[in-house]
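# Structural characterization, general
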Amino acid sequence: MAFNQNLPDNQIFPHSLTEGLIKRAWENKRLASCYLFFGPSGTGRLSLARSLAKATNCEAGSFPPCLVCTSCRKIENNNHPDIHYIEKEGSSFIKIEQIQLMQRQIYLRSFEGKCKVFIILNAEDLTEEASNCLLKIIEEPPANSLIILIAVSYTHLRAHETRHDLVCRLLL
């Protein structure tokens, strides 16, 4: 999978509200177990998700992450065993089987990181069944796990009733 790396992970939205809120949550040790990042392509949604994945597994334990430790380098090179990407596989939707696999993996102990991170790309493409399965995970997330949903449009994500319930749960 190729990632848009136009923005360095430690320079994402230097003064943005989003990064400020996450940084404050990090400093207060109150990170949520699930985040939804939405906006048009090229706005840094994936870069921010990867930066958060690095921070939760960074050996320095900092936000923004150090970018030089083994964990940060593995995430940068897309070969960290505890960082998982979920996206459409050969169809126009993210299917329930993909979320069921995530469900099995998220409850397993981390291989080498502090936190298992699941980044769901194009979350608006979840099927109704996949959305229901994901909703169950989000309602009772396991410790030391983080789920990040990335979507182009908040409106498209809310278009389906089950995904609407998912979005409402994320806003609580």
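In short, a report on the structure. (Residues numbered from 1 in each chain as written. Predicted model: local features only at pLDDT ≥ 70, side-chain atom pairs only at ≥ 80, totals over all residues. Heavy atoms only, no water.)

Read across the sheet, 4 strands follow the order 1-4-3-2 without closing on themselves; strand pairing throughout is parallel. Lying at the two open borders of the sheet, with one neighbouring strand each, are strand 1 (34–38) and strand 2 (83–86). For this sheet, the mean angle separating the axes of adjacent strands, direction not counted, is 15°. Pairing analysis gives 4 bridges linking strand 2 to strand 3 (residues 116–120), with the strands arranged parallel. What sits directly across from Tyr 85, in strand 3, is Ile 119. On the sheet, helix 2 (residues 45–57) packs against strand 1, strand 2, strand 3 and strand 4 (145–151) and is oriented at approximately 175° with respect to strand 4. Contacts from helix 4 (residues 96–106) reach strand 2, strand 3 and strand 4 within the one sheet, and its direction differs from that of strand 3 by about 165°. (Pairing = 2+ DSSP bridges. Helix = DSSP H or I, 4+ residues; strand = E, 2+ residues; numbered from the N terminus. Axes fitted to C-alpha atoms, helices over the stretch in contact; angles between N-to-C directions. Contact = heavy atoms within 4.5 Å.)

With that settled, the discussion passes to the packing of helix 4 against helix 5 (residues 128–139). At a minimum axis distance of 8 Å, the contact between helix 4 and helix 5 shows a crossing angle of 15°. When the axis of helix 4 is compared with that of helix 5, the two are roughly parallel. As for the relative orientation of helix 4 and helix 5, their crossing is left-handed in sense. Seen from helix 4, the contacting residues are Ile 96, Ile 99, Gln 100, Met 102, Gln 103 and Ile 106; seen from helix 5, they are Glu 129, Ala 130, Cys 133, Leu 134 and Ile 137. Across the contact of helix 4 with helix 5, the residue classes break down as 8 nonpolar, 2 polar and 1 charged. (Parallel < 35°, antiparallel > 145°, perpendicular 65-115°, else oblique. Left-handed = near helix turned anticlockwise from the far one by under 90°. Nonpolar A, V, L, I, M, F, W, Y, C, P; charged D, E, K, R; others polar.)

This part takes up the packing of aromatic side chains. Applying the stated criterion to the full structure yields 2 aromatic pairs. Ring centres of Trp 26 and Phe 63 lie 6.3 Å apart, and the angle between their planes is 40°; this geometry places the pair in the tilted category. With a gap of 37 residues between them, Trp 26 in helix 1 (residues 17–27) and Phe 63 in the loop between helix 2 and helix 3 (70–76) connect regions that are remote in the sequence. (Phe/Tyr/Trp six-rings, centres within 6.5 Å; stacked < 30°, edge-to-face > 60°.)

This brings us to the pairing of strand 4. Moving residue by residue along a regular strand, the side chains alternate between the two faces of the sheet. For strand 4, the tally of buried residues reaches 7 of 7 residues, placing the bulk of the element in the interior. Here strand 3 runs beside strand 4; their pairing, made up of 5 bridges, is parallel. What sits directly across from Lys 116, in strand 4, is Ser 145. What joins strand 3 to strand 4 is helix 5, and the crossover it makes is right-handed. (Buried < 20%, exposed > 50% of the residue type's maximum accessible area, 1.4 Å probe, protein only. Right-handed = clockwise from strand over helix to strand, strands pointing away.)

Here the focus is unusual backbone geometry. Looking along the chain, the bond that leaves Phe 63 and enters Pro 64 is cis, with omega of 0°. Topologically, Pro 64 is positioned in the loop between helix 2 and helix 3. Residues other than glycine seldom take positive phi values, yet Asn 78 does so here, at roughly 60°. Looking at where Asn 78 falls in the secondary structure, it is placed in the loop between helix 3 and strand 2. Residues other than glycine seldom take positive phi values, yet Asn 122 does so here, at roughly 55°. Tracing the backbone through its elements, the reader meets Asn 122 in the loop between strand 3 and helix 5.

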